[in-house]
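Reading the structure
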Amino acid sequence: MPAAPLSNVPDAAGRFGPFGGRYVPETLVAALDQLASEYQRAANDPHFHAELDHLLKSFVGRPTPLYRAEGLTRLARQHAPPNHGATIWLKREDLAHTGAHKINNTMGQALLARRMAKKRVIAETGAGQHGVATATAAAHFGLECDIYMGAEDARRQRLNVVRMKLLGARVIEVHSGLRTLKDATNEAMRDWMASVESTHYILGSVVGPHPFPRIVRDFQAVIGREARGQCMDTLGSLPECVVACVGGGSNAAGIFHAFIEDSEVTLVGVEAGGRGAEPGEHAAPLTYGSPGILHGSLSYVLQDHNGQTADVHSCSAGLDYPGVGPEHAYWKDAGRVRYTTATDEQALHAFQQCCKVEGIIPALETAHAISEALSVAAAAPREHNIVVCLSGRGDKDVDEAARLIATTAMNDAPRLPVDSPIPRGLDHPRQSE
Ligand SMILES: *Cc1c(COP(=O)(O)O)cnc(C)c1O
């Protein structure tokens, strides 16, 4: 039986194999149906694409460069066997307007809101990047904008709270639960149930009920389309490997999508390994979780044996989420993408390395992908090329990174100078692999 192409998902019900779908209260069904049919019309409308392309070019700053990371490549080669140490390339989403990939999605969804004549947008935010990107799109289009943010995240990302307010948004701090992204998402969904007539919910990742996982993936797929073309132009071939961090999974889905049918390209998604494998110490549902329903769709979830969503931990607010997009669950079970983790400590180490050898301060989220890319590169032949999705810049993280570098918890582990060996031996495959 010939396998259906992996890229031919979701189906009309929003299913990625068994995953995805729509598990929502009755009050949201009409709004989701309206969104799905409006999106279908927009997707078939050349004017919509022309307007979005123009915005991406003139306002967002696309295409973003594919940058040859000489410093990281040199670092990987220092620890590689002879003739090993692949070249590392960075797809520079940090150079997109507002400093991360999030804006690709929010500009697209704000255009959809305008098509549906909705005058107000709401969003959840973790690191604050999606809130800033939504507030930016709302300011551009003159939409009213309310952003839900966990109080703990608001503390960790104070600068982004100020940015959102400057952009004209109202920031609503959420004090329930662990006061992070999951709690903010619950509140945003509650708001939407009461306000669907006038309000569009700009979901920030490839999660949630159908049609969100598909819409967000399609708007982020520009990352992979550009990267694929840039590889063909610069290398004359596809890369051997593409690496991205996975929170909800939108930057990863966006860069992977263009390569899904190229079976010779290895795809690696890196989740937040936090402080370790014990429940509550990480935010890695694909690595440690099981299928379950969270925020309206079926995917891998971190949950206890009663199906209660588990607590999560990551040093990066943008990865601190117990669920993941259903398409990643599908890719995992199909064996198309390898999912692994990087711990807080590994990410913080890679963060410092990238700053020092590249002159680029990456987001702490992105640093998880850089950590994995360094060890993949060190183990790969020298002529191979590895593309890392540099999902965002780390200006927002410098206070938190300084605090973490200085804390005792981090000092318990042997401290390594920034240019010391990558702290994961090639001969010690990690637990999750
Ligand atoms: C939000 C964010 C992430 C995580 O979200 P995904 O949907 O998994 O991409 C990763 N990196 C940066 C810079 C972010 O702002």
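Residues numbered from 1 in each chain as written. Predicted model: local features only at pLDDT ≥ 70, side-chain atom pairs only at ≥ 80, totals over all residues. Heavy atoms only, no water.

**Comments concerning unusual backbone geometry**
Arginine 62 connects to proline 63 through a cis peptide bond whose omega is 0°. Looking at the element boundaries, proline 63 is found in the loop between helix H2 (46–60) and strand S3 (66–68). Residue proline 211 follows histidine 210 across a cis peptide bond; omega there is 10°. If you trace the backbone, proline 211 turns up in the loop between strand S8 (199–201) and helix H9 (212–235). For histidine 295, which is not glycine, the phi dihedral falls at a positive 45°. Classification of histidine 295 as buried rests on a relative accessible area of 9%. (Helix = DSSP H or I, 4+ residues; strand = E, 2+ residues; numbered from the N terminus. Buried < 20%, exposed > 50% of the residue type's maximum accessible area, 1.4 Å probe, protein only.)

**Brief notes about the environment of alanine 284**
Along the chain, alanine 284 turns up in the loop between strand S10 (266–274) and helix H11 (285–288). A relative accessible area of 0% means that alanine 284 is categorised as buried. When the C-alpha positions of alanine 284 and threonine 341 are compared, they lie 7.1 Å apart, and in sequence the two are 57 residues distant. Non-local contacts of alanine 284, meaning those with residues more than four positions away in its chain, are made with Glu271, Ala272, Gly289, Leu302 and Thr341. (Contact = heavy atoms within 4.5 Å.)

**Thoughts on the state of the cysteines**
Using the criterion set out here, one finds zero disulfides in the structure. Cysteine 389 supplies the cysteine sulfur nearest to cysteine 245, a cysteine that is in no disulfide, at a spacing of 7.1 Å. In this model cysteine 355 remains outside any disulfide bridge; the closest cysteine sulfur is found in cysteine 354, 6.2 Å from its own. Assessed through its relative accessible area of 23%, cysteine 355 is described here as partly exposed. (Disulfide = S-S within 2.5 Å.)

**Topic: the site of the ligand**
In the neighbourhood of the ligand, 16 residues make up the surrounding shell, with Lys102, Ser205, Gly249, Ser250 and Ser391 lying closest. One nitrogen or oxygen atom from the side chain of lysine 102 is found 2.7 Å from an oxygen atom belonging to the ligand. In the model, an oxygen atom of the ligand is placed 2.8 Å from a nitrogen or oxygen of the asparagine 251 side chain. Expressed as a share of its isolated accessible area of 380 Å², the protein-covered part of the ligand is 97%. The residues that make up the shell around the ligand include at least three from each of domain 1 (15–59 + 102–213) and domain 2 (66–99 + 221–412). (Near = heavy atom within 4 Å. Polar contact = N/O pair within 3.5 Å; in protein donor to acceptor, adjacent residues only side chain to side chain. Areas by Shrake-Rupley, 256 points an atom, 1.4 Å probe, with all protein chains shown as cover. Domains from an automatic or database assignment.)

**What to know about the pairing of strand S13 (residues 337–343)**
Taken across its seven residues, S13 has five buried, putting it largely inside the fold. Here S10 runs beside S13; their pairing, made up of seven bridges, is parallel. Looking at the pairing, alanine 272 lines up with alanine 342 of S13. (Pairing = 2+ DSSP bridges.)

**Some details on the packing of helix H13 (residues 344–358) against helix H14 (residues 364–379)**
In contact at an axis separation of 7 Å, H13 and H14 are set at 90° when each is read in the N-to-C sense. As judged from the angle between their axes, H13 and H14 are roughly perpendicular. Within the contact between the two elements, H13 uses Gln346, Ala347, Leu348, Ala350, Phe351, Gln353 and Cys354 and H14 uses Leu364, Ala367, His368, Ile370, Ser371 and Leu374. (Axes fitted to C-alpha atoms, helices over the stretch in contact; angles between N-to-C directions. Parallel < 35°, antiparallel > 145°, perpendicular 65-115°, else oblique.)

**A closer look at the side chain of serine 299**
Assignment of secondary structure puts serine 299 in strand S12 (residues 297–301). The buried category is assigned to serine 299, whose relative accessible area is 2%. A polar side-chain atom of serine 299 sits 3.4 Å from the main-chain carbonyl oxygen of glycine 325. Leave out the neighbours within four places in its chain, and serine 299 touches Phe19, Ser290, Pro291, Gly292, Val324, Gly325, Pro326 and Ala329.

**Remarks on the confidence of the model for the protein chain**
Across the protein chain, pLDDT averages 93, with 93% of residues at or above 70. Contacts of residues 410–415 to residues separated by more than four positions or lying in other chains number ten contacts, the stretch itself having pLDDT below 50. Counted against residues more than four places away or in other chains, residues 425–433, with its pLDDT under 50, gives 19 contacts. (pLDDT = per-residue confidence, 0-100.)

**Notes on the packing of aromatic side chains**
A complete count under the given rule lists seven aromatic pairs for this structure. Measuring from centroid to centroid gives 5.8 Å for tryptophan 192 and tyrosine 201, while their planes differ by 65°, and the two rings are edge-to-face. Comparing tryptophan 192 with tyrosine 201 shows no difference in burial state: the two are buried. Clustering of aromatic rings is evident, with ring pairs tying together Tyr39, Phe48 and Phe219. Stacked on the ring of tyrosine 67, the Lys or Arg arginine 92 has its end atom at 5.6 Å from the ring centre. Directly above the ring of tyrosine 300 sits lysine 332, whose terminal nitrogen or CZ lies 5.4 Å from the centroid. (Phe/Tyr/Trp six-rings, centres within 6.5 Å; stacked < 30°, edge-to-face > 60°. Lys NZ or Arg CZ within 6 Å of the ring centre and 35° of its normal.)

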